[in-house]
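# A structural walkthrough
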Amino acid sequence: MNRITARFEKLRNDRKKGFIVYIGAGDPNLEATQKLALAFDQIGVDVLELGVPFSDPLADGLVNQLAAQRGLESGTTPKKVFETIGRIRRNSQIPIVLYVYFNLLHRCGVEKFVADAAAAGVDGLLVLDLPPEVSENYEDVMKKQGLATIYLVAPTTPGHRIELIVKRGTGFIYYVSREGVTGMQTTIAQNIGDMAAKIRKHTSLPVAVGFGISNPDQARAVAQHSEAIVVGSAVVNQVAEHGQSPQLVEKVAQFTKQLVDAVKAL
């Protein structure tokens, strides 16, 4: 069974909420990415999203754009990300999703990229700029390799399109709780529960909610309306702050564990 599917099945059986964390691969370097992945596993993170550095990350706010830039500057490539995941897999079975722009798949070749990802130990892809209407070949390739095809639903997505998107997705549905790009917010959106209910009308897949969650209170509030939450920019900001410190992994893990604990207490 795909690790993502297995993890959400266990969460459902245990009546627990899931916690998904996003960091930029290679920020500040791939050795740090590997160590952070293992630390996240130890503190109870359920799924790790790794952003593959890209020169034009249009869906990302400044914090994650800078992380992508640092990843590129550290020499991170898709091939090196796969090699790093292979090393993570020697010590951890944490489910891993690649957060990636389609240009990287196109340049490598979709079949080769997906096959290499599967061989490395990746469990799913979230291709930010590939709508399901034009992704049939991609979905077939993903299914062949046993990877989860994760799609986004936004607050502005109309009902008929929500139905299309969620029926094509596997693993989980990522609900983007705010319009615009990624980034930390001082408040959470008020319509999360309503949108999660709309999504659940068309799928039994878990709904994970992200974009803007930055503290334990927000994490706890959002998790009440979803099967999982996603925290990215707030953690990436910690990586940026402590990137040159020998205590990087410890500091980022301490920050993230507060969020994990808030969700797991529900």
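Further remarks concern the packing of aromatic side chains. One pass over the full model with this rule turns up five aromatic pairs. Between phenylalanine 54 and tyrosine 101 the ring centres are 5.2 Å apart and the planes differ by 20°, which places this aromatic pair in the stacked class. Within this pair, whereas phenylalanine 54 is found in the loop between strand 2 (47-51) and helix 3 (62-73), its partner tyrosine 101 is found in the loop between strand 3 (96-100) and helix 5 (102-108), the two being separated by 47 residues in sequence. Overall, the relative accessible area of 14% leaves phenylalanine 54 in the buried class.

As a further point, take the packing of helix 10 (residues 216-223) against helix 12 (residues 248-264). Two elements in contact, helix 10 and helix 12, have axes separated by 8 Å at closest approach and are oriented at 35°. Read as a crossing pair, helix 10 and helix 12 show a hand that is right-handed. Facing helix 10, whose interface residues are Pro216, Ala219, Arg220 and Ala223, helix 12 presents Gln258, Leu259, Ala262 and Val263. Class assignment of the residues belonging to the contact of helix 10 with helix 12 gives a composition of six nonpolar, one polar and one charged.

Relative to the helices and strands, valine 100 is located in strand 3. For valine 100, a relative accessible area of 0% translates into the label buried. Spatially, the C-alpha atom of valine 100 lies 14 Å from that of leucine 147, the residues being 47 residues apart in sequence. Residues contacting valine 100, with those up to four places away along its chain left out, are Val52, Leu105, Phe113, Leu126, Val127 and Leu128.

A separate point is the nonpolar core. Core analysis: the biggest nonpolar cluster contains 87 residues, and Phe40, Leu98 and Leu125 have the highest contact counts within it. No other element matches the six residues that helix 12 contributes to this core. Those residues in contact with leucine 125 that lie beyond four places of it in its chain are Val97, Leu98, Leu105, Phe113, Val114, Tyr138, Met142, Ala148, Thr149 and Ile150.

Thresholds applied
Residues numbered from 1 in each chain as written. Predicted model: local features only at pLDDT ≥ 70, side-chain atom pairs only at ≥ 80, totals over all residues. Heavy atoms only, no water. Phe/Tyr/Trp six-rings, centres within 6.5 Å; stacked < 30°, edge-to-face > 60°. Helix = DSSP H or I, 4+ residues; strand = E, 2+ residues; numbered from the N terminus. Buried < 20%, exposed > 50% of the residue type's maximum accessible area, 1.4 Å probe, protein only. Axes fitted to C-alpha atoms, helices over the stretch in contact; angles between N-to-C directions. Left-handed = near helix turned anticlockwise from the far one by under 90°. Contact = heavy atoms within 4.5 Å. Nonpolar A, V, L, I, M, F, W, Y, C, P; charged D, E, K, R; others polar. Core = buried A, V, L, I, M, F, W, Y, C linked by side-chain atoms within 4.5 Å.

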